[in-house]
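# Secondary and tertiary structure notes
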Amino acid sequence: MGVQATSEDAIVVISNQAPASVNIIRSLGRRGVRTIGAADRTRTPAIASRYCDESVQLPDPFSDIHAYRDALLDLARRPDVRTIAPVREPDVYVLSKYRDAFGDHVATLWPDAETLAQAHDRIALVDAAREAGVAVPETELLTDVDDWDGRNIVKGRYGFLADRYVEDIDPEANRDMAGTQYIEPGESPDVEGLVDRMGHVPIVQEYVEGTEFTIRALYDRGEAVVSTQKALRRGMKYPRGPSVYHEAVDIPALEDAGLAILDELDWHGLASVGFIRDRETGTFKLLEINPRFWASLPCDIHAGVDYPYYYWQLANGASGPFDPAYRPGTASHFLRGEIVHLHSVLTEEYPYVTRPSVAETLGGMGQSLLEQPNFDFFSLDDPRPFVRDTLNMVLPD
């Protein structure tokens, strides 16, 4: 049995430029839950929502993470706040690192610091996946690679760069992750330059050709209480990248792999586990874990699975499992991201990834918009976040 929430009880929704925070606020606001949008930027779309009852300015976590922690703790100490919803890596990093302090005041629906470190460190994550019997791409530290004949990509070892993971990072700050770099077969990269650009020794993974999928889940102390799956149909970049057109799916082998790695980690809270389905073998190979609300959350909500509501229920003492009417085949569009995808098709080239034609891209976009008129930001009953996001794109800070 849960503790009955009152009309005065509230959730702090950390808000950024991605659609997740808007949809958390909409979901819970429509159910009568008081929402507090907390953001380090004044033009954040979620703050413009009609369902945002209160807004709070946060410090920038990338310039002073301790001030950011203190601001969140001040919110947690408020008697009306039941929990906090993280949407970015610095959010969950701070909440996990200082979990005991937050736990004195709110429900801590996120992993402890040790478990989060396993998820953030892709070398440790590969080891955990092998223990769980989950397939992974070939993965090495950049400085250990001596054969560059295959198709490889270089990306950050960590999902988030902070002093807990990298010794020479300022403990009061952290830094953005550098983007993934594709390496031409037979080309030896500038190792020292890559280490300097990325701020640590990154990893090298084999490039696996195939479709990207994720399994998303909410765990309560090691037990999955609800899970869904998503297929990436279009990404920010034409090879992949963050999802801009996404479809809810139901694939038992994907569910088995995703839950196996989370079970191995004895997970608690939210997670989006990324996989690539190898085009040659059909095997799902683990890429990463995002330990927070994910940007494509609207796809799950359109498909009938209201993760923010289940999160709120757990915060109020409820127990699962939850059994929503999941609708695989439902898809959703991030319209600003679709424009970025088209720009990638028009202007960019990537090794060993065939660029689609402009006509093919526009045709696919048009067809999907007609067949699946669901959107990550746009909502007839709450249009202001979409307007704000559009203005941010046209008139950036």
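Residues numbered from 1 in each chain as written. Predicted model: local features only at pLDDT ≥ 70, side-chain atom pairs only at ≥ 80, totals over all residues. Heavy atoms only, no water.

As recorded in an unreviewed UniProt entry, the protein goes by ATP-grasp domain-containing protein and comes from Haloarcula saliterrae.

The next subject is the overall build of the protein. Scanning the protein from N- to C-terminus turns up 13 helices and 14 strands. On C-alpha atoms alone, the protein measures out to a radius of gyration of 20 Å, which is about the 21 Å that the 2.2 N^0.38 rule sets for 397 residues. Referenced to the eigenvectors of the C-alpha coordinate spread, the extents of the protein come out at roughly 60 × 50 × 45 Å. Looking at the 397 residues of the protein, the share that counts as buried comes to 55%. Residue pairs in contact within the protein that sit at least 24 positions apart in sequence constitute 69% of those at least 6 positions apart. (Helix = DSSP H or I, 4+ residues; strand = E, 2+ residues; numbered from the N terminus. Rg over C-alpha atoms; globule rule 2.2 N^0.38 Å. Buried < 20%, exposed > 50% of the residue type's maximum accessible area, 1.4 Å probe, protein only. Contact = heavy atoms within 4.5 Å.)

Take the environment of G156 next. Within the secondary structure, G156 is located in the loop between β6 (152-155) and β7 (181-183). Separated by 68 residues in sequence, G156 and R88 place their C-alpha atoms 16 Å apart. When near neighbours in sequence (up to four residues on either side) are disregarded, G156 contacts R122, M177, M198, H200, P202 and I203.

The next thing to look at is unusual backbone geometry. In this structure, P321 follows G320 across a cis peptide bond, with omega equal to 0°. Counting through the fold element by element, P321 comes out in the loop between α10 (307-315) and β14 (331-333). With phi around 50°, R221 is a residue other than glycine that occupies positive phi space. Examined against the element boundaries, R221 turns out to sit in the loop between β9 (210-220) and β10 (223-235). A relative accessible area of 65% places R221 in the exposed class. One non-glycine residue, D266, lies in positive phi territory at about 50°.

Another aspect to go through is helix α2 (residues 65-76). Here α2 contains twelve residues, and its C-alpha end-to-end distance of 16 Å stays within 8% of the 16 Å for a straight helix at 1.5 Å per residue. Within the span of α2, buried status applies to I65, Y68, R69, A71, L72, L73, L75 and A76. In this fold, the buried residues of α2 make contact with β1 (10-14), β2 (34-39), β3 (54-57), β4 (81-85), α3 (89-97) and α4 (99-103). For α2, the N-terminal capping position is held by D64, with its side-chain oxygen 3.3 Å away from the main-chain nitrogen of H66. (Expected span 1.5 Å × (residues − 1). Polar contact = N/O pair within 3.5 Å; in protein donor to acceptor, adjacent residues only side chain to side chain.)

In terms of burial, strand β11 (residues 243-249) is largely enclosed, as six of its seven residues are buried. When β10 meets β11, the two strands line up antiparallel, connected through six bridges. Bridging from a neighbouring strand, K230 pairs with A248 of β11. (Pairing = 2+ DSSP bridges.)

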